[in-house]
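What follows is the residue order along each chain.
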Amino acid sequence: MKPNRYVAAMAAYALPDLSVPAGKRPVLLAQNESAIAPSPAAMEAARMALAQARFYSDSEWTDLRAGIAEVHGLDPALILCGAGSMELIQALGLAYLHRGVRALSTAHGYLYFRTVAQLAGATLDLAPETEFTVDVDELLAAVRPETAMVFVANPGNPTGTRIPRDEIVRLREALPDSVMLVIDEAYGEFADAPGEQVFDLVARGDTVVLRTFSKVYGLAGMRVGWGVFPPTIGAEIRKVQNPGSIPITSLAAAAGAMRDQAHMIRVRDETAARRDRFAGAMRQLGLAVPKSHTNFVLIGFGSTEKAASAAAALRNEGVVLRPMGGYGLADCLRATVGSEEDMQIARDMIADWVEREGAS
Ligand SMILES: Cc1ncc(COP(=O)(O)O)c(C=O)c1O
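Source: prediction; values computed, not measured.

**Points about the overall build of the chain**
When helices and strands are counted, the chain shows 12 helices and 12 strands. Computed over its C-alpha atoms, the radius of gyration of the chain comes to 20 Å, within 12% of the 21 Å expected for a compact globule of 360 residues. Within the chain, buried positions represent 51% of all 360 residues. When contacts within the chain are restricted to residue pairs at least 6 apart in sequence, long-range pairs at least 24 apart make up 75% of them. Per element, the accessible surface of the chain, about 15400 Å² overall, is 54% carbon and sulfur. With 35 positive and 42 negative side-chain charges, the chain shows a spacing of 5 Å between the two charge centroids.

Printed below as a string of structure tokens:
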């Protein structure tokens, strides 16, 4: 039996090793999950929906789409939902990429873009970043005649940095109309500010904006993502998606979470405050941390060896950060913002390590 040649040639999307020594309490700060429980309204809605689980879920996502549309002032007809934004990214790749075309992202861009390009048999090019930040001029310089799709995560994972709306608009306007721009805003709520949203670019017909319930809404395990798609692109994506891919409980939880914006704002602000305190502490230790607009920080340890040594020392005590070798950042570790207690533990252990090994 032979697998599809593109599948045979690719590696599986790498997830972190979450193991810790026996007897240690795991402090898992490696997957950018929320440290704070989802909205009570979301949990209650999921519980109620479980009683309906003998039915297939609504493959039109009617109630969830209505909730998203109300909150974000969008036309529900332009919204598509998926089993995580990963399903929507994969569907975009399968519908629009194929052998002979190229996709483009940035040097330290989200690695799932590569998985999807490979799955479709396409080539992924990477444009350099400047100071861990997407560089629009570098992206434009890397566009080739075969480039069909540009993926930009904004804010970025694993850098945490973002470019302002003006730069996204400049990128879109300078890209050929034939190139689809996919703006992945998995952490978008952490950066929402008046005048900074980009959903309006979808009206051009060549741009897609993705969001998720996995981060600020604290529903990573429910697997719900959404996006705003031009109708022509949305129609192709629907052909590729598995109808009813989002469980009935997940749809209910996401709709409940979306309608509890007060909870979302509390989580966002508490997470950002914890993140900034942690980043400040890391900088005081002499470690480089780019300004983050997400629920994680990227910590530079100065060398590959030092990052590996710090990761091993922390894991030995039960604290798991994400190694960044796969992102071309082997001298860094990424720390998700966890509970106040877990951040204190991580902070103390990194301080101990710096005392032993030196910052750089
Ligand atoms: C930039 C980015 N996009 C998409 C995702 C996937 O999110 P989801 O859980 O919605 O599939 C992640 C998850 O870490 C992410 O960091």
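**Some remarks on the domain arrangement of the chain**
Taken domain by domain, the chain consists of domain 1 (5-36 + 262-357) and domain 2 (40-261). The straight-line distance from the C-alpha centre of domain 1 to that of domain 2 is 24 Å. Across the boundary between the two partners, domain 1 contributes 31 residues, which contact 36 residues of domain 2. Buried surface at the junction of domain 1 and domain 2, summed over both partners, amounts to about 2800 Å²; 65% is from carbon and sulfur atoms. Taken together, domain 1 and domain 2 are joined by 0 salt bridges. Viewed at the interface, domain 2 and domain 1 are joined by 12 residue pairs in polar contact (both at pLDDT 80 or more). Elements represented by at least two residues in the side of domain 1 that touches domain 2 include exactly α1 (5-9), α10 (261-284) and β9 (296-300).

**Here we look at the pattern of salt bridges**
For the structure on display, the rule yields 27 salt bridges. Ionic pairing is found between D177 and R204, a salt bridge with its closest N-O pair at 3.6 Å. Of this pair, D177 sits in the loop between α7 (165-174) and β6 (180-184) while R204 sits in the loop between β6 and β7 (207-212), and the two are 27 residues apart along the sequence. According to the relative accessible area criterion, D177 is exposed, its value standing at 61%. Here E189 ties to R211 by a salt bridge, and the two come within 3.7 Å at their closest N and O atoms. Of this pair, E189 sits in the loop between β6 and β7 while R211 sits in strand β7, and the two are 22 residues apart along the sequence.

**Here's the deal with helix α9 (residues 248-258)**
Most of α9 sits out of view: 10 of its 11 residues are buried. Elements in contact with the buried residues of α9: α2 (40-50), α3 (62-72), β8 (225-228) and α10.

**Digging into helix α4 (residues 85-96)**
With 12 residues, α4 extends 16 Å from end C-alpha to end C-alpha; this agrees with the ideal 16 Å at 1.5 Å per step. Those residues of α4 that fall on the buried side of the exposure criterion are S85, E87, L88, I89, A91, L92 and G93.

Procedures and definitions
Residues numbered from 1 in each chain as written. Predicted model: local features only at pLDDT ≥ 70, side-chain atom pairs only at ≥ 80, totals over all residues. Heavy atoms only, no water. Helix = DSSP H or I, 4+ residues; strand = E, 2+ residues; numbered from the N terminus. Rg over C-alpha atoms; globule rule 2.2 N^0.38 Å. Buried < 20%, exposed > 50% of the residue type's maximum accessible area, 1.4 Å probe, protein only. Contact = heavy atoms within 4.5 Å. Areas by Shrake-Rupley, 256 points an atom, 1.4 Å probe, with all protein chains shown as cover. Lys, Arg positive; Asp, Glu negative; His and termini not counted. Charge placed at Lys NZ, Arg CZ, Asp CG, Glu CD. Domains from an automatic or database assignment. Buried area = accessible area lost by both parts, 1.4 Å probe. Salt bridge = Lys/Arg side-chain N within 4 Å of Asp/Glu carboxyl O. Polar contact = N/O pair within 3.5 Å; in protein donor to acceptor, adjacent residues only side chain to side chain. Expected span 1.5 Å × (residues − 1).

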